[in-house]
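What the coordinates show
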Amino acid sequence: MPTEKNNTNDTYYYWLLICLAVIFIGSLNKIYSLDIWWHLSEGKYNLISGTVLDKDIFSYTVTGQERINPYWLCQIFYYLVYLLGGYGLLSLSKTIIIVLSYFILTKIITIGKSRRFGLWIFVTIVLFYIQSRYRFLVRPVIFMFFFLISYYYVLLLNREEGKNYLYFLPLLQIVWVGTHTSVFYGQMLVGFFLLEALIRYQVERDNPEQAQVYWRSFKALTICLIVLILVLLINPYHYLIYKTPFTTYKAFNVFNNIIELEAPTFADSFPYHYLGVLLGLACFYSLFKKRRYSEIAFLLFLGVNSFRYKRIIGIYVFMLTPILIREIRESFLPRLEHSFLNNRKIKMAISFLLLLSVVSAVIWEHDRSQIGLGLKGERFPLAATQF
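The sections below set out a description of the structure shown in this document. Just so it is clear, the model here is predicted, and its values are computed rather than measured.

**Let's talk about the overall build of the protein**
Helix and strand counts for the protein stand at 14 helices and zero strands. Listed by position from the N terminus, the elements making up the protein come as α-α-α-α-α-α-α-α-α-α-α-α-α-α. By residue count, 49% of the 387 residues in the protein fall in the buried class. Taking the intrachain contacts of the protein between residues at least 6 apart in sequence as the baseline, contacts between residues at least 24 apart amount to 79%. Carbon and sulfur atoms make up 66% of the accessible area of the protein, which amounts to about 19500 Å² in all.

**Some words on the packing of aromatic side chains**
According to the stated counting rule, one finds 29 aromatic pairs in the structure shown. Between the aromatic rings of Tyr14 and Trp15, the centroid separation amounts to 5.4 Å while the plane-to-plane angle is 75 degrees, which identifies the pairing as edge-to-face. We classify Trp15 as buried; its relative accessible area is 16%. Between Trp15 and Phe122, the aromatic rings sit 5.4 Å apart at their centres with planes inclined by 40 degrees, giving tilted as the arrangement.

**Examining the pattern of salt bridges**
Scanning the entire structure with this criterion turns up 11 salt bridges. With a closest N to O distance of 2.8 Å, Arg159 and Glu160 form a salt bridge. The class for Arg159 is buried, based on a relative accessible area of 18%. Between Lys290 and Glu327 there is a salt bridge, and its shortest N-O distance comes to 3.3 Å. Of this pair, Lys290 sits in the loop between helix 11 (284-289) and helix 12 (293-306) while Glu327 sits in helix 13 (residues 313-336), and the two are 37 residues apart along the sequence. One network of salt bridges, in which partners are shared, links Arg159, Glu160, Glu196, Arg200, Lys290, Arg292, Glu295, Arg326 and Glu327.

Rules and cut-offs
- Residues numbered from 1 in each chain as written.
- Predicted model: local features only at pLDDT ≥ 70, side-chain atom pairs only at ≥ 80, totals over all residues.
- Heavy atoms only, no water.
- Helix = DSSP H or I, 4+ residues; strand = E, 2+ residues; numbered from the N terminus.
- Buried < 20%, exposed > 50% of the residue type's maximum accessible area, 1.4 Å probe, protein only.
- Contact = heavy atoms within 4.5 Å.
- Areas by Shrake-Rupley, 256 points an atom, 1.4 Å probe, with all protein chains shown as cover.
- Phe/Tyr/Trp six-rings, centres within 6.5 Å; stacked < 30°, edge-to-face > 60°.
- Salt bridge = Lys/Arg side-chain N within 4 Å of Asp/Glu carboxyl O.

The quantities given are spatial measurements derived from coordinates; they are silent on function.
Structure, rendered in structure tokens:
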């Protein structure tokens, strides 16, 4: 006779597979980012020469100018993938990284609770995925999604289940520092969790047993952050890598005529940005009551920057997804159990509307992109594809 636990596990794996399948198919689009040529060229140079290029040799206007390239390891990875399977394998590798990122996201949702993965969670993930999808390119930026959600997962396990996997973070950072400039977001997230542990320790001083738990967490996170700062020096540029956040934000302000560096407006085709911001604000009260100050601080940081630069919208919505789902399930759904919304017919009607919204959003998004492997040929001249 099947038990309730087995039924819950079956439902969890059912919705998990459907969710990851939708993300896999939706992310398997042809390459249309022009940056791929630069990344392949530098990856080829770095691999063949055995050194990391520290000056510009490809630009006509700034040839010979010294600069820090924080994408060198990612560029070597892309060039090796290109040698193995061409543009099709490049697109497939990008899709696999995205699916892995969302798999970790679904693991975060189940922390501290039974494996419940219903229709509303699936719909929320897919709708917010569509908003983040424009940043899922064959570019180093996709590694930011994977590493940042991995950091958050490890930190949550440490805080809520007492599982100390913090030693994985320096190992992840060694790779992250060579793939994208967002490596500093990881250190910032650890810092927010560290400050939260300190605040909780001060609040719980009257409860010695609980205060001791937060003090141990504070010490572990402090050691972890110090190690991360030192490990960041393991790169071809050593201490100079710490200049990249300042040069990046300076470039954001200088090249403000680039679309992705502009501030979003209501006329833009980002239909969920303002909805995402409102939902993020809506769950702040719940986060504050539970003393989840690290999530509040990080969402505020990403949310404010998403109003300054369109390119931040994708990572803001992506990181908001698991936080919002956990707050809805823990704080809002229990209140609905005794309300009129707990009626079976109303639930069926809401489920139908949710599915309809997903289908409509997927059709709208599919019409704007081209599913498949390889290059999106109408964007490139024939000569440009002869790499």
